[in-house]
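So you can see what is in the structure, the chains are spelled out below.
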Amino acid sequence: MNSAESLIKSIQGLSASPGDLSALHGILKKAEDSLRNNWDVQLATLEELDPSIHSLGYLYLLEGLTRGSVSKGKTSGVVLLMARFINRCDAGQIRLASEKFVTLCKRFKDRVLELEDPLRGVAPLVSAVRKVQVSAKCLTALHPDCLQLCLEAKCYKAGFSILSDDILEVDQPRDFYLYCYYGGMICIGLKRFQKASELLYNVVTAPMYQLNAIALEAYKKYILVNLIHSGQFSNSLPKCASTAAQRHLKSWCIPYYEVGNRYNDGKISELEAVVVAHSSDFEKDNNLGLVKQAVASLYKRNILRLTQKYLTLSLQDIANMVQLANAKEAETHVLQMIQDGQIHALINQKDGMVRFLEEPEQYKTSEMIEVMDSVIQRTIGLSKNLIAMDESLSCDPLYLGKVGRERQKFDFGDDFDTVPEKFSMVSSLSQLRNRNSLSSSRSVPQRSLCVSSSSSDTLLAGGSSKEDERQSKASSKKEGDDSGDLKHWLDRNGLPPCKVLLKERPAHDQNHKPIHYVAASEDLQKGDVAFSVPDSLVVTLERVLGNETIAELLTTNKLSELACLALYLMYEKKQGKKSVWYPYIRELDRQRGRGHLDVESPLLWSEAELEYLTGSPTKAEVLERAEGIKREYSELDTVWFMAGSLFQQYPFDIPTEAFTFEIFKQAFAAVQSCVVHLQNVSLARRFALVPLGPPLLAYCSNCKAMLTAVDGAVQLVVDRPYKAGDPIVVWCGPQPNAKLLLNYGFVDEDNPYDRIIVEAALSTDDPQYQDKRLVAQRNGKLSQQVFQVRVGKEKEAVQDMLPYLRLGYMSDPAEMQSVISSQGPVCSMSPCMERAVLDQLADYFMRRLAGYPTTLKEDDALLADPSLNPRKRVATRLVRLEKKMLAACLVATVDLLNELPDTTISPCPAPYAPSLK
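- In the annotation of an unreviewed UniProt entry, the chain is listed under the name COP9 signalosome complex subunit 3 and assigned to Brassica oleracea var. oleracea.

In structure tokens, the structure reads:
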């Protein structure tokens with residue numbers, strides 16, 4: 001290229017046919033460096049070209065012209081030139097240099113914003129999006145910039161026009177985040193809250209390895225939009241949200257969680273109080289307007305709730321129930337809701353009565369049929385797109401290369417089949433599981449062990465005790481006495497020499513087999529390695545699912561680790577002697593999820609047996625945990641379909657059809673009693689089932705020995721000397737006795753971590769609630785504060801509660817700070833107020849003690865009975881220890897009452913005293 005004239009001739013002569021354009025593209029690339037440095041030549045050259053005919057050459061020249069900084073005087077002219085080109089250029093030509101066109105358009109957006117005139121850029125960028133977009137399903141790099149300009153210019157309808165297509169192809173994740181975030185804000189501006197919720201949901205649930213600012217801001221708006229649109233708020237994120245989002249989003253959105261929780265309560269005054277308290281946060285986030293809309297929507301939501309209870313109400317009753325000022329405001333809200341189609345009602349103007357009606361839509365009209373048909377057709381289209389994406393991914397070289405790397409990671413060796421040219425994503429997950437099973441088969445050879453049929457009698461869907469014993473004897477005759485012994489099975493399959501053996505003690509119930517436990521086979525000293533179980537004999541999610549990424553995905557979004565492990569063991573148990581884990585599963589069946597006190601978790605107790613825990617908060621925890629297990633059971637099929645059947649041996653056995661809820665609950669409790677929490681390992685390995693671990697190892701609260709992950713194994717280093725034959729104990733972590741009973745079925749009388757909980761809350765009806773809440777926060781307390789009463793520290797716990805309780809009795813803001821920071825039995829409060837505080841606390845402890853059906857003396861008598869049922873014995877131990885802590889708290893409170901200078905003074909009335917529960 002020698003001159004601008006020859007370049008112009010090339011552009012004019014080679015802009016007609018596709019072949020000429022290809023040659024022109026090559027010429028322009030070679031001339032690109034010289035084009036950057038000649039403003040006058042390019043400006044003159046542009047005037048000789050037609051943007052609609054010579055689009056490719058014009059693009060190169062204009063991109064070079066605008067590359068550097070532009071003076072303010074020329075900015076407006078450059079913007080006009082760029083806008084004219086973007087509007088008139090040929091889409092086919094600019095797609096030959098789409099990256100350069102995108103760069104030019106982004107530069108155009110920046111220049112428009114410099115001029116503080118975003119409206120000038122809206123129409124050109126909307127046109128640019130359509131031109132650079134290969135198909136309506138494709139997200140371009142210009143989508144976010146176009147939506148940003150629409151937001152700046154408040155041209156919401158223009159922005160909404162490019163949100164109507166279903167985006168299925170994304171190149172850069174950041175473009176997708178911004179597209180959905182800006183799109184959500186545009187829909188908020190148009191009051192299209194359902195669409196806004198969908199777009200913001202996409203940001204919150206998009207894959208991310210670490211939290212980003214876009215997702216954080218989107219989640220804040222997502223909470224508020226959901227309140228406005230559906231009146232719903234959940235404390236948990238959507239199940240398909242990434243691990244990073246699950247872990248960190250909530251901690252950054254605490255004010256929004258408070259708004260959501262108060263909204264769910266339905267009390268306008270409490271919601272408004274929270275909004276006032278956090279108004280600075282909402283204003284800083286530019287969300288104060290949304291928050292106010294959420295508050296306003298609560299009135300309508302409360303009216304909507306009334307339609308579910310009443311057929312007729314007066315306007316004044318509606319105003320009173322939803323906390324509106326008068327009947328006129330109620331009428332305004334009702335009329336607006338009727339107009340918006342939120343409710344169906346008639347208002348009688350004579351007597352001010354509102355009659356709520358059923359929805360008139362019968363879904364029979366031609367218009368409704370058209371709507372339904374369009375939805376069905378859209379769903380069919382999405383289904384076809386999903387199938388096409390699955391097929392495309394299955395043939396993607398990058399995906400197949402990833403599968404190949406996983407092959408090396410898990411060392412499948414010769415057992416790993418070659419990857420077929422085309423296979424579905426579902427089958428690939430099943431293959432990962434199959435290959436892992438094959439790998440396990442090499443390290444743990446399968447043997448003909450005793451078989452058990454499916455039954456709910458044992459915890460892992462095995463056979464009955466008598467049947468299991470009969471089959472065990474039959475198997476012993478065939479294979480020798482040690483064929484079903486766990487220790488011999490471990491020895492045969494790679495367990496290094498260790499210093500432990502299995503012993504047994506009789507069970508309380510003669511129908512059950514004796515309990516096995518791990519004991520020292522020789523004298524041990526502190527620091528000795530008792531045993532080391534290789535990873536090939538340890539069950540973790542990474543091993544079960546064959547892929548650490550899949551393991552993290554499943555446990556984060558659908559099931560807990562315990563539920564996944566329980567489901568795996570149920571499937572393995574169903575294989576009988578074909579399962580490589582059968583000796584270990586048989587041992588778990590033998591243990592029946594019992595702790596060393598011969599008691600199962602209360603999750604498996606009958607309703608009558610749960611009455612042993614009456615008065616204890618543990619009873620409510622047991623019922624709550626049981627409900628959680630029910631929810632997990634309902635998710636089993638979802639996970640099964642998602643993973644293409646987790647267990648390749650039975651690919652057509654849907655979990656809820658193969659196993660009843662009772663069997664799953666029994667398996668869950670069994671796994672819960674023996675799972676080990678490994679430290680400093682990946683998420684997919686943190687929960688492990690270790691042969692020779694619990695429940696064969698007894699838990700002890702004052703022991704410091706733990707099962708730890710080392711290179712290629714899980715080992716136990718003892719923390720104390722043992723004589724040969726002594727049972728080995730390990731530490732269960734700093735858990736109170738209530739957790740020990742719920743998780744492992746035992747109570748430790750010498751547990752230094754035992755505690756009870758006292759919950760206190762400032763009265764929200766108190767006119768000075770906000771002042772007191774702020775004082776409490778400045779001193780490290782919350783408006784709803786949890787106090788822990790630790791065993792042996794009851795007096796200190798009572799003294800820790802007093803300043804917080806005193807705060808509820810105060811009316812002078814100047815004294816609140818000194819009151820909450822004071823310690824000891826007497827402070828600057830009047831004697832009558834101090835007595836009222838202590839009386840309230842004493843009454844609370846007496847009420848809790850009265851909630852138990854037995855006294856401490858009666859508990860001692862029960863425990864002295866050697867024939868007492870084991871479940872009742874362990875429950876009695878728990879409630880007895882709780883009552884001892886409560887009684888110690890009561891004694892400490894009474895002692896403080898006796899230290900008051902004048903015992904004749906009556907307690908002051910306290911209409912806004914903090915609540916205790």
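Read on, since the account is not over.
Let's talk about the packing of helix H28 (residues 561-574) against helix H33 (residues 661-674)
- Remark: H28 packs on H33, axes separated minimally by 9 Å, with the N-to-C direction vectors making an angle of 115°. Classified by the angle between their axes, H28 and H33 sit roughly perpendicular to one another. Seen from above, H28 lies across H33 with right-handed handedness. Across the interface between the two elements, Leu562, Ala563, Leu565, Ala566, Leu569 and Met570 of H28 pack against Ile663, Phe664, Ala667, Phe668, Val671 and Gln672 of H33.
- Here the contact of H28 with H33 is composed, by residue class, of 11 nonpolar, 1 polar and no charged.

Points about the nonpolar core
- Ranked by size, the top nonpolar core spans 117 residues in total, and within it Leu62, Phe85, Phe101, Tyr219 and Ile318 carry the most contacts.
- For this core, the element with the most residues is helix H13 (residues 213-230), which contributes 11 residues.
- Counting residues domain by domain, this core receives three or more from each of domain 1 (3-171) and domain 2 (310-356).
- Leaving out residues up to four positions away in the same chain, Leu62 has contacts with Leu46, Leu81, Met82, Phe85 and Leu104.
- Counting residues in each nonpolar core, the second largest holds 86 residues, with Trp489, Leu537, Val690 and Leu878 among its members.

Notes on the pattern of salt bridges
- Inspection of every chain in the model, using the stated rule, returns 33 salt bridges.
- Note that Arg871 is salt-bridged to Glu609, the shortest N-O span being 2.6 Å. A residue pair is termed long-range when its members are at least 10 positions apart, and Arg871 in helix H40 (residues 870-898) and Glu609 in helix H30 (residues 607-610) qualify at 262 residues.
- Note on Arg871: relative accessible area 16%, which makes it buried.
- What you see here is one network of salt bridges that share partners, running through Lys106, Lys109, Asp110 and Asp145.

Quick word on H33
- Compared with the 20 Å implied by 1.5 Å per residue over 14 residues, the 20 Å span of H33 between its first and last C-alpha is a close match.
- Extensive coverage of H33 is indicated by the burial of 13 of its 14 residues.

Concerning helix H5 (residues 72-88)
- End to end, H5 covers 25 Å across 17 residues, agreeing with the expected 24 Å (1.5 Å per residue, within 8%).
- Of all the positions in H5, only Thr75, Val78, Val79, Leu81, Met82, Ala83, Phe85 and Ile86 are classed as buried.

Considerations on the pairing of strand S12 (residues 713-717)
- With respect to burial, S12 is a largely interior element, 4 of its 5 residues being buried.
- Where strand S6 (residues 529-534) lies against S12, 5 bridges are found, and the strand directions are antiparallel. Each residue of the ladder has a partner; that of Pro534, found in S12, is Ala713.
- The pairing of strand S11 (residues 707-710) with S12 spans 4 bridges and is classified as antiparallel.

Quick word on the packing of aromatic side chains
- All told, the structure shown has 19 aromatic pairs when counted by the stated rule.
- On the numbers, 5.7 Å between centres and 40° between planes, the contact of Tyr633 with Phe664 is tilted. Of the two residues, Tyr633 sits in helix H31 (residues 617-642) while Phe664 sits in helix H33, which places them 31 residues apart along the sequence.
- Tyr633 sits in the buried class, given a relative accessible area of 14%.
- On the basis of relative accessibility, which here comes to 0%, the residue Phe664 falls in the buried class.
- Ring pairs connect the aromatic residues Tyr201, Tyr219, Tyr222, Phe233 and Tyr257, which therefore count as one cluster.
- For the cation-ring pair, Arg192 lies above Phe160, with the distance from its terminal atom to the ring centre recorded as 4.3 Å.

A word on the sheet that holds strand S1 (residues 312-314)
- If you walk across this open sheet you meet the 3 strands as S1-S3-S2, and the pairing is antiparallel. Taken across any chain shown, the strands that pair with only one partner, and hence form the sheet edges, are S1 and strand S2 (345-348). The sheet shows a mean angle of 20° between the axes of neighbouring strands, direction not considered.
- Relative to strand S3 (residues 353-356), S2 is paired through 4 bridges, and the arrangement is antiparallel.

Criteria and thresholds
Residues numbered from 1 in each chain as written. Predicted model: local features only at pLDDT ≥ 70, side-chain atom pairs only at ≥ 80, totals over all residues. Heavy atoms only, no water. Axes fitted to C-alpha atoms, helices over the stretch in contact; angles between N-to-C directions. Helix = DSSP H or I, 4+ residues; strand = E, 2+ residues; numbered from the N terminus. Parallel < 35°, antiparallel > 145°, perpendicular 65-115°, else oblique. Left-handed = near helix turned anticlockwise from the far one by under 90°. Contact = heavy atoms within 4.5 Å. Nonpolar A, V, L, I, M, F, W, Y, C, P; charged D, E, K, R; others polar. Core = buried A, V, L, I, M, F, W, Y, C linked by side-chain atoms within 4.5 Å. Buried < 20%, exposed > 50% of the residue type's maximum accessible area, 1.4 Å probe, protein only. Domains from an automatic or database assignment. Salt bridge = Lys/Arg side-chain N within 4 Å of Asp/Glu carboxyl O. Expected span 1.5 Å × (residues − 1). Pairing = 2+ DSSP bridges. Phe/Tyr/Trp six-rings, centres within 6.5 Å; stacked < 30°, edge-to-face > 60°. Lys NZ or Arg CZ within 6 Å of the ring centre and 35° of its normal.

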